[in-house]
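Chain by chain, the residues:
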Amino acid sequence: MNLRSPVIDPNGLVAVGVLRNRTCEGAFAPLDAGTRPFVGVPCNLDANSAFLRPDGGFIYRHPMTGRVMAALADPLGSTSVGWLYPATIENDIDVTPSCAGLPTRFVLKNNGAVVAQCPNGTWREGSTELTALAGEEVIAFAANDTALVVGDGGLRLIASSGATTPVTAPFTPSTKMTRANAQGFLAVRDSPTCSLYQLTLTGTATRLGDFTTRSAIGTVPPACNGRLDANGTLFFGYTTIGGSRIVARPLDPGEMTHAFGLSTMDTVWNFGPSFNLLIPDGNAVVTRP
């Protein structure tokens, strides 16, 4: 089986875990299909700051080195008793080599380009310094490369030309719960209600609705966290004695449903007779920037 080139629906999500319980066999796979695992990523990576590129490529911060990496999925071997995890997986690509020292933050543009803030406060896309963003906290990039930032000047949009537009949103979005769309950004406000907003490129903010508190799957904590998909559904994880769950939480008047995880043990996603994906942390959900 050749797993070198991941192909993941860019509008979908992936879950991150391990292939076997109590091992460090890192892998990730799409929520929408249980037949496409991609192995050869470090275990214990923080999925909260990982992203999918438009081509399905997986970008993450290495849990040991702190470098920002692009995953190269490694082919599984096989034996008479089943699949064999690769002996070496440390072949992923450092995508911020021009940063002197470890990047303090990184986000993705919609085209998949990695933009990182270096320890001196500058932002770089490859070897190019984005001078208009120096010292700013970049939250996300719109489809036209306009940056949504927060800093001493409050919440603002900074165009690639350097032109600045204030944003009137009543909250500061987080990178994890912000996603670019055709109008600008979808962003989640987590207090006082769990709500979805449309932020436009002219700086306006419109509340689209509140995420439902109703559930079709019994009582679940209506945590206002997670990752958005292209339709504005909020996917979040929670852990119980029975294992981890990933929940799809739409806007009212919908109901929360399980997107992943119905077993009574650690959540196991069956990829066939020889290997599974175990999700030790229900929050291990990754989507596009």
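All of these numbers come straight from a predicted model, not from anything done at the bench.

## Notes on the overall build of the chain
No. 1: Each helix and strand counted, the chain has zero helices and 28 strands in total.
No. 2: The buried share of the chain, reckoned over its 289 residues, is 52%.
No. 3: A total accessible area of about 12,600 Å² is found for the chain, and carbon and sulfur atoms account for 53% of it.

## Quick notes on the nonpolar core
No. 1: Of all hydrophobic cores here, the largest spans 18 residues; its most connected members are Leu19, Leu31, Phe235, Ile246 and Leu277.
No. 2: Those elements giving two or more residues to this core turn out to be strand S2 (26-30), strand S24 (243-249) and strand S27 (276-279).
No. 3: In this structure, Leu19 is in contact with Glu25, Ala27, Val39, Leu76, Tyr85, Asn276, Leu277 and Leu278, ignoring residues within four places of it in sequence.

## Focus: the sheet that holds strand S4 (residues 51-52)
No. 1: An order of S4-S5-S6-S9 is seen for the four strands of this open sheet, with the pairing classed as antiparallel. In this open sheet, the two edge strands, each paired with only one partner strand, are S4 and strand S9 (93-94).
No. 2: As paired elements, S4 and strand S5 (residues 58-61) share two bridges and run antiparallel to each other. Each residue of the ladder has a partner; that of Phe51, found in S5, is Ile59.

## Considering the sheet that holds strand S23 (residues 234-240)
No. 1: If you trace the four strands from one edge of the open sheet to the other, you get S22-S23-S24-S25, paired in antiparallel fashion. The outermost strands of the open sheet, each flanked by one partner alone, are strand S22 (227-228) and strand S25 (257-260).
No. 2: The pairing of S23 with S24 spans seven bridges and is classified as antiparallel. In the sheet register, Gly237 faces S24, and the bridge partner there is Ile246.

## Thoughts on the confidence of the model for the chain
No. 1: With 90% of its residues at a pLDDT of at least 70, the chain reaches an overall mean of 87.
No. 2: Taken as a whole, residues 1-5 scores under 50 in pLDDT and shows 15 contacts with residues more than four places along the chain or in a different chain.

## Some points on the pairing of S5
No. 1: What sits between S4 and S5 in their antiparallel hairpin is a turn of five residues, with Gly56 showing a positive phi close to 90°.
No. 2: Relative to strand S6 (residues 68-70), S5 runs antiparallel, the two sharing three bridges. Within the sheet, the bridge partner assigned to Tyr60 lies in S6 and is Met69.
No. 3: The loop that links S5 with its antiparallel partner S6 comprises six residues; one of these, Gly66, has a positive phi angle of about 80°.

## A look at the pattern of salt bridges
No. 1: Inspection of every chain in the model, using the stated rule, returns eight salt bridges.
No. 2: Through salt bridges with shared partners, a single network forms among Lys109, Glu125 and Asp145.

## Topic: the state of the cysteines
No. 1: Following the criterion strictly, the structure yields three disulfides and no others.
No. 2: Here Cys24 engages in a disulfide with Cys43; their sulfurs sit 1.6 Å apart. Here Cys24 and Cys43 share a disulfide; its torsion about the S-S bond, -60°, makes the bridge left-handed. Remark: Cys43 occurs in the loop between strand S3 (38-39) and S4 and Cys24 occurs in the loop between strand S1 (14-18) and S2; sequence separation between them is 19 residues.
No. 3: Shown here is the disulfide that connects Cys194 with Cys224, its sulfur atoms set 2.2 Å apart. Judged by the sign of its S-S torsion, about 80°, the cystine formed by Cys194 and Cys224 is right-handed. In this pair, Cys194 sits in the loop between strand S19 (184-189) and strand S20 (195-200) while Cys224 sits in the loop between strand S21 (205-210) and S22, placing the two residues 30 residues apart along the sequence. Like Cys224, Cys194 is buried.
No. 4: Disulfides within the chain link the bonded cysteines, taken in sequence order, as 1-2, 3-4, 5-6.

Reading the values: the criteria
- Residues numbered from 1 in each chain as written.
- Predicted model: local features only at pLDDT ≥ 70, side-chain atom pairs only at ≥ 80, totals over all residues.
- Heavy atoms only, no water.
- Helix = DSSP H or I, 4+ residues; strand = E, 2+ residues; numbered from the N terminus.
- Buried < 20%, exposed > 50% of the residue type's maximum accessible area, 1.4 Å probe, protein only.
- Areas by Shrake-Rupley, 256 points an atom, 1.4 Å probe, with all protein chains shown as cover.
- Core = buried A, V, L, I, M, F, W, Y, C linked by side-chain atoms within 4.5 Å.
- Contact = heavy atoms within 4.5 Å.
- Pairing = 2+ DSSP bridges.
- pLDDT = per-residue confidence, 0-100.
- Salt bridge = Lys/Arg side-chain N within 4 Å of Asp/Glu carboxyl O.
- Disulfide = S-S within 2.5 Å.

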